[in-house]
Amino acid sequence: MGAKGKGYDLGIKGEDGWRLPAGVVLDTDDQRKQYLAPARENRRHILCYCQDPPIAMSVALRRETGRYYLTPARRASKGGNFTPPKHRTDCRLYHGDRGPSAREGETLPGVEVGGDDTVRVYLAAALGDPEAQPERPPARTDTRREAAARRTRERIGFPYLLRMWWTRAGLTAWSPDPERSPWVDWYEALSAEARKIKVTKKYRLADVLYLPQPFSEERKEAIEAEYRDFVSAAMVQGADGEAVRPRLLAGVVKTIEDGEGGAKRMHLWQKKFTLVLPAHMVESYQEQAKAGQTIEAPQQEGERIATAWVFVLVLARPRASRGKPGHYWWKASEIAAITIHSRTAIPVESSYELQVAEALVTAGRAFVKPFPGHAGELEVDGMTPDFVCVDRTPPVYLEVYGRMGDPEYARHTEEKRRRYRRQGIIPWEWDPLTEQRMPDLPE
Ligand SMILES: [Zn+2]
């Protein structure tokens, strides 16, 4: 579990100061909030007394979990002239502050990291028999801390699963590679990673997923057979006739058109079958996919423009097509969508980010575009940078500020800038409202 190593004292100096064993401060989310929230509020450092002089730590707040945690007050710059002081090897902060219930850097409740490069996720929607309730995290516990962690453990939704899958498959990172081709490489990376994510006690993501393989005329028969097997695995004979199991389908959206009663009919690239989004899901899909377009959207003739595609992960059940024995369509019950740069699969969240991604690829840069909350080591003071060029030492951070006219967004931007300053980082910035043209990329 998270608390490895010895609990040296933590403390904060001043009138309202305190000095307590690390366990008292860090063992539960409530204790963290009690001791760390005021320090964060007042921008004060926490001292770890494992060394003399003590090591200064900043307090950060992970927004999606509401958990407070400690990060080095200053980070090392690769090849730079600053190396932060190291915690004693037996200090619980030596490997970083992983939170009370998470292991190996995964701090989200609902995700457990296994020792063999696998992760186990607890999904909000059931994947087993139709009657089955959403699965509960394990009931057996060994310690009081584990029991507390279990009570607070959430189940994750499909948007999180999709982002985790994409990140672990390496598709948020790009380095120049003339051999790399769209879809063939993405398919391999995503398929390999789907075998490492356990979505139920029994199944890995790959066992319950249809991800269309790259189409080729020679493989046509095999592709059809694979799809037929997938459909029949979703059918179960019940006492009162045929019942179906929900399954996952994923791919790049090729077309989307109006269906009956406000529903939408969706087709994916590479393999033709129909997914139906009921009317009540359409708004959620459109909100998630607003920065992208379908693959058949018209392109400007002769002009090489960057394109954003939409990739979806859909939970759906097969339905027999009326009057067409052996044919099925899929009725969706959950959908997660991301927008990706069409040449590289790098995720983007706006047309401005698409321009930045395109410019970085054209300039032959190696960079990472993390999803918010999935930046791992690239986090800066608890926040997710928009882009990080990892081909420079120290790395170069890029920020695209949209919507600066919106006071709420402007405040968020100011907070980001403050945190960069606090870490001694000057990011490359683009505010499209004041500068229509993207500034030159950083050297
Ligand atoms: Zn320490």
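Residues numbered from 1 in each chain as written. Predicted model: local features only at pLDDT ≥ 70, side-chain atom pairs only at ≥ 80, totals over all residues. Heavy atoms only, no water.

A.B. asks: What am I meant to see in unusual backbone geometry here?
C.D. replies: Glycine aside, residues mostly have negative phi, and peptide bonds are mostly found in the trans state. The amide bond that connects aspartate 52 to the next residue, proline 53, takes the cis arrangement and shows omega of 5°. Its place among the elements puts proline 53 in the loop between strand 3 (46-48) and strand 4 (55-62). Here the amide bond leading from threonine 393 into proline 394 is cis, since omega sits at -5°, within 30 degrees of zero. Note on placement: proline 394 falls in the loop between strand 19 (387-389) and strand 20 (396-400). (Helix = DSSP H or I, 4+ residues; strand = E, 2+ residues; numbered from the N terminus.)

A.B. asks: Honestly, the pattern of salt bridges in this entry has me stumped. Any pointers?
C.D. replies: Pairing is possible between side chains that carry opposite charge, provided their charged atoms lie close to one another. One pass over the structure, following the stated rule, counts 21 salt bridges. With a shortest N-O distance of 2.7 Å, arginine 422 and aspartate 381 are connected by a salt bridge. Note that arginine 422 is positioned in helix 9 (residues 407-422) and aspartate 381 in the loop between strand 18 (367-368) and strand 19, a separation of 41 residues in sequence. On the basis of relative accessibility, which here comes to 34%, the residue arginine 422 falls in the partly exposed class. (Salt bridge = Lys/Arg side-chain N within 4 Å of Asp/Glu carboxyl O. Buried < 20%, exposed > 50% of the residue type's maximum accessible area, 1.4 Å probe, protein only.)

A.B. asks: Explain the environment of alanine 37 here, please?
C.D. replies: Structurally, alanine 37 can be placed in helix 2 (residues 29-41). In this structure the C-alpha to C-alpha distance between alanine 37 and tyrosine 69, which are 32 residues apart in sequence, comes to 9.5 Å. Those residues in contact with alanine 37 that sit more than four places away from it in its chain are Arg32 and Tyr68. (Contact = heavy atoms within 4.5 Å.)

A.B. asks: Where do I start with the packing of aromatic side chains in this structure?
C.D. replies: In this description, a pair of aromatic rings is defined by centroid distance and the angle of the planes. In this structure the tally under the stated criterion is 16 aromatic pairs. Ring geometry for tyrosine 227 against phenylalanine 273: centres 5.4 Å apart, planes inclined by 10°, an arrangement best described as stacked. Of this pair, tyrosine 227 sits in helix 6 (residues 220-233) while phenylalanine 273 sits in the loop between strand 14 (264-268) and strand 15 (275-277); the two residues are 46 residues apart in sequence, bridging distant segments of the chain. No difference in accessibility class separates tyrosine 227 from phenylalanine 273, as the two residues are buried. Through a chain of ring-to-ring contacts, the aromatic side chains of Trp165, Trp166, Trp183, Trp186, Trp269, Trp309 and Phe311 assemble into a single cluster. Taking NZ or CZ as reference, lysine 369 lies 5.4 Å from the ring centre of phenylalanine 387, over its face. (Phe/Tyr/Trp six-rings, centres within 6.5 Å; stacked < 30°, edge-to-face > 60°. Lys NZ or Arg CZ within 6 Å of the ring centre and 35° of its normal.)

A.B. asks: Sorry, what's going on with the pairing of strand 1 (residues 9-12) here?
C.D. replies: Note on strand geometry: in a regular strand, side chains alternate between the two faces of the sheet. The pairing of strand 1 with strand 2 (residues 18-21) spans 4 bridges and is antiparallel. When the bridges of strand 2 are listed, leucine 10 appears paired with leucine 20. Connecting the antiparallel pair strand 1 and strand 2 is a turn made up of 5 residues, with glycine 14 showing a positive phi of about 115°. By the bridge criterion, 2 bridges tie strand 1 to strand 3 in an arrangement that is antiparallel. Note that in strand 3 the partner of leucine 10 across the bridge is cysteine 48. (Pairing = 2+ DSSP bridges.)

A.B. asks: Just checking my understanding: could you explain the side chain of glutamine 213 for this structure?
C.D. replies: Tracing the chain through its elements places glutamine 213 in the loop between strand 10 (209-210) and helix 6. Residue glutamine 213 is classed as buried on the basis of its relative accessible area of 13%. In this structure, glutamine 213 is in contact with Trp183, Tyr187, Arg219, Ile223, Glu226 and Gln270, ignoring residues within four places of it in sequence.

A.B. asks: Is there a simple way to explain helix 9 in this structure?
C.D. replies: For an α-helix, the turn length of 3.6 residues means that residues three or four places apart are oriented alike. Taking 1.5 Å as the rise per residue, helix 9 with 16 residues should run 22 Å; its terminal C-alpha atoms sit 22 Å apart, in good agreement. Every buried residue of helix 9 is accounted for by Tyr409, Thr413, Lys416, Arg419 and Tyr420. Buried residues of helix 9 fall within an arc of 120° about the axis and therefore sit on the same side. Summarising the geometry of helix 9, the exposed residues directed more than 90 degrees from the buried face are Pro407, Glu408, Arg411 and Arg421. (Expected span 1.5 Å × (residues − 1). Arc of directions from axis to C-beta.)

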